[in-house]
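# Secondary and tertiary structure notes
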Amino acid sequence: MTFKTLDDIDVSGKRCLVRVDLNVPMENGKISDATRIERILPTIKEISDKGGKVILLAHFDRPKGKIVPEMSLSPVTHTLSEMLGKPVAFGTDCIGPMAEVAVNAMKDGDVLLLENTRFHEGEENNDIAFSGALAANGDIFVSDAFSAAHRAHASTVGLANKLPAVAGRTMQAELEALSAALGNPKHPVVAVVGGAKVSTKLDLLLNLVSKVDTLVIGGGMANTFLAAQGHNVQKSLCEHDLADTARNIIDEAVKQNCAILLPIDCVVAKEFKAGAENTITGIDAVTEGGMILDAGPKTVEAINAAFAKAETIIWNGPLGAFEITPFDKATVATAQFAATQTKAGKLISVAGGGDTVSAMKHAGVADDLTYVSTAGGAFLEWMEGKELPGVKVLG
Ligand code: AMP
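Residues numbered from 1 in each chain as written. Predicted model: local features only at pLDDT ≥ 70, side-chain atom pairs only at ≥ 80, totals over all residues. Heavy atoms only, no water.

The next subject is the pairing of strand β1 (residues 15–19). Of all 5 residues that make up β1, 4 are buried, and the element is covered over most of its length. Bridge count between β1 and strand β7 (residues 140–143): 4 bridges; the pairing is parallel. Of the residues in β7, the one forming a bridge with V18 is V142. (Buried < 20%, exposed > 50% of the residue type's maximum accessible area, 1.4 Å probe, protein only. Helix = DSSP H or I, 4+ residues; strand = E, 2+ residues; numbered from the N terminus. Pairing = 2+ DSSP bridges.)

Encoded structure:
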């Protein structure tokens, strides 16, 4: 895919409206994970160093078009400024006179954060007048929030119709990583799809079987496939009503020459809690009243053998209930092997969506894979093969 980047535009002396992702997790008014802020620093620094005015636009939470003081972006300013190592001003509205005054006060290289775009109804409606009001304060639109690119909102799509638009460095890195993993990947490609339920990942599974060479199905969703093949999964998380769907996905995989790798053994417990008494069994021997909470060691061996032969892996979802020990073992062991292969230059590995970032962090490999995407829905929609409106406008 082709898209314009900061290399294609002169930002010096220009007012750059930079759409970023500042939807950071907060606990008691404090940022509990600053990964998203870390990710946007390169774009801000580059524009500022080149003498552009950096005007940050972002949403926070879901205020639904109303001013909700608890959803103000103001508390983020301090942390952003600290991490950036320079002052960041705050504008109490993203449009209108308050925004105009704040922008007019900027010197070249300055950084300004404007208030939550979702305080206005026009943001989520992609309202033309609202896009115009945002555009009034800028000369260039820099789109750097891949995580919001699956939504056609004023600050992700509308602005691109009003101003020259380019991808920021974070958006660029994300698009390049995703292209390398699914767009035009080096084969063999192994996709890993885990997590809780098949029902939330149907489109994903169907798209992947047409694109990858091996599809590893793990986590709770594997139980639905195992049950559909006639195995008794006892009390495991399982969508029994999706047995036909699971069989269709397997049939489709056979047609498309995609190998499906399901668990061959599993870790079974009677309680869903840390340290619960557990046994390792074959998938045909799940004890009465037991729940499959992780893949077993033979399955880990099979997955790692597939990784060893792969050139590319793309991963969404954990292989077990990784938040509670010892049911994190399969996710940790396979993620660590993927990291080892990646560090040895043998593998391109891209992971993201939902709980995957915390699973990779838990395994200690978030910095060792080729790319870990912090985008949730946008990453999944990309894996589903959908065109993202916020990416299309950058073409
Ligand atoms: P998702 O958001 O769909 O990627 O699902 C992630 C969740 O799936 C995590 O909270 C895991 O604990 C959960 N999960 C993974 N494997 C299992 C399993 N075998 N049984 C129950 N929950 C699981």
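Read on, since the account is not over.
Glancing now at the pairing of strand β15 (residues 312–316). Among the 5 residues that make up β15, 5 are buried, leaving the element largely enclosed by the rest of the structure. Of the two faces of β15, the one carrying T312, I314 and N316 and the one carrying I313 and W315 are both buried. Note: strand β9 (residues 189–193) against β15, 5 bridges, orientation parallel. Bridge pairing links A191 to I314 in β15.

Counting 74 residues, the largest nonpolar core has F146, L208, L215 and F225 as its most contacted members. Residue contributions to this core reach at least three from each of two domains, namely domain 1 (6–171) and domain 2 (185–385). Those residues within four positions of L215 in sequence are excluded, and the remaining contacts are A191, V193, L205, L208, V209, C258, A259, I260 and L261. By size, the runner-up hydrophobic cluster in this structure holds 29 residues, among which are A58, M71, V142 and V166. (Core = buried A, V, L, I, M, F, W, Y, C linked by side-chain atoms within 4.5 Å. Domains from an automatic or database assignment. Contact = heavy atoms within 4.5 Å.)

Turning next to the side chain of T312. Its location among the elements puts T312 in strand β15. Engagement of the side chain of T312 in a polar contact is seen with the backbone oxygen of K186, the distance being 2.7 Å. Excluding anything up to four places from it in sequence, T312 contacts A180, A181, P185, K186, P188, V189, V190, L347 and I348. (Polar contact = N/O pair within 3.5 Å; in protein donor to acceptor, adjacent residues only side chain to side chain.)

This brings us to the domain arrangement of the protein chain. Segmenting the protein chain into domains produces domain 1 (6–171) and domain 2 (185–385). The distance between the C-alpha centroids of domain 1 and domain 2 comes to 36 Å. The interface of domain 1 with domain 2 comprises 9 residues on the first partner and 11 residues on the second. Where domain 1 abuts domain 2, roughly 790 Å² becomes buried across the two surfaces, and 51% of that area is made up of carbon and sulfur atoms. Ranking the residues of domain 1 by area buried against domain 2 places R39, F146 and H150 at the top, with a combined share of 62%. Counting across the domain 1 and domain 2 interface gives 1 salt bridge. With a shortest N-O distance of 3.0 Å, D33 and K361 are connected by a salt bridge. Applying the counting criterion to the domain 1 and domain 2 interface returns 4 residue pairs in polar contact (both at pLDDT 80 or more). Among the elements that take part in the side of domain 1 that touches domain 2, helix α1 (residues 35–49) stands out by supplying 3 residues, more than any other. When the residues that make up the side of domain 1 that touches domain 2 are grouped by side-chain class, the tally is 1 nonpolar, 4 polar and 4 charged. (Buried area = accessible area lost by both parts, 1.4 Å probe. Salt bridge = Lys/Arg side-chain N within 4 Å of Asp/Glu carboxyl O. Nonpolar A, V, L, I, M, F, W, Y, C, P; charged D, E, K, R; others polar.)

The next subject is the packing of α1 against helix α2 (residues 74–84). Look at α1 against α2: their axes get within 10 Å of each other, and the N-to-C directions meet at 65 degrees. Considering only the axes of α1 and α2, their crossing is right-handed. Residues I37, E38, I40, L41, I44 and K45 of α1 pack against V76, T79, L80, M83 and L84 of α2. Taken together, the residues of the contact of α1 with α2 break down into 8 nonpolar, 1 polar and 2 charged. (Axes fitted to C-alpha atoms, helices over the stretch in contact; angles between N-to-C directions. Left-handed = near helix turned anticlockwise from the far one by under 90°.)

Right, let's get into the site of the ligand. Around the ligand sit 15 residues in total, of which A196, K201, G220, I292 and E323 are the nearest. Between A196 and the ligand, the recorded distance is 3.0 Å, taken from a backbone N or O atom to an oxygen atom. One nitrogen or oxygen atom from the side chain of E323 is found 2.5 Å from an oxygen atom belonging to the ligand. The fraction of the free accessible surface of the ligand (500 Å²) that becomes covered by protein chains is 83%. Broken down by secondary-structure element, the contributors of at least two residues to the shell around the ligand are α8 (219–228) and β14 (291–295). Residue composition of the shell around the ligand, by class: 7 nonpolar, 5 polar and 3 charged. (Near = heavy atom within 4 Å. Areas by Shrake-Rupley, 256 points an atom, 1.4 Å probe, with all protein chains shown as cover.)

In total, this model carries 15 salt bridges according to the counting rule given. Here D21 ties to R36 by a salt bridge, and the two come within 2.9 Å at their closest N and O atoms. Of this pair, D21 sits in the loop between β1 and β2 (26–27) while R36 sits in helix α1; the two residues are 15 residues apart in sequence, bridging distant segments of the chain. Take D21: its relative accessible area is 7%, and that puts it in the buried class.

One open sheet holds the 3 strands; their spatial order is β13-β12-β14, and the pairing between them is antiparallel. Edge positions in the sheet fall to β13 (278–282) and β14, since each has one partner strand and no second. On average, adjacent strands in this sheet sit at an angle of 40 degrees to one another, irrespective of strand direction. Note that strand β12 (residues 265–269) and β14 share 4 bridges and pair antiparallel. When the bridges of β14 are listed, A269 appears paired with M291. Sitting on the sheet, helix α10 (residues 297–309) is in contact with β12, β13 and β14, with an inclination near 140 degrees to β12.

Before going further, it helps to examine the packing of aromatic side chains. Applying the stated criterion across every chain, the model contains 2 aromatic pairs. With centroids separated by 5.9 Å and ring planes inclined at 55 degrees, the aromatic side chains of F307 and W315 adopt a geometry described as tilted. What makes F307 buried here is its relative accessible area of 0%. For the cation-ring pair, R39 lies above Y371, with the distance from its terminal atom to the ring centre recorded as 5.5 Å. (Phe/Tyr/Trp six-rings, centres within 6.5 Å; stacked < 30°, edge-to-face > 60°. Lys NZ or Arg CZ within 6 Å of the ring centre and 35° of its normal.)

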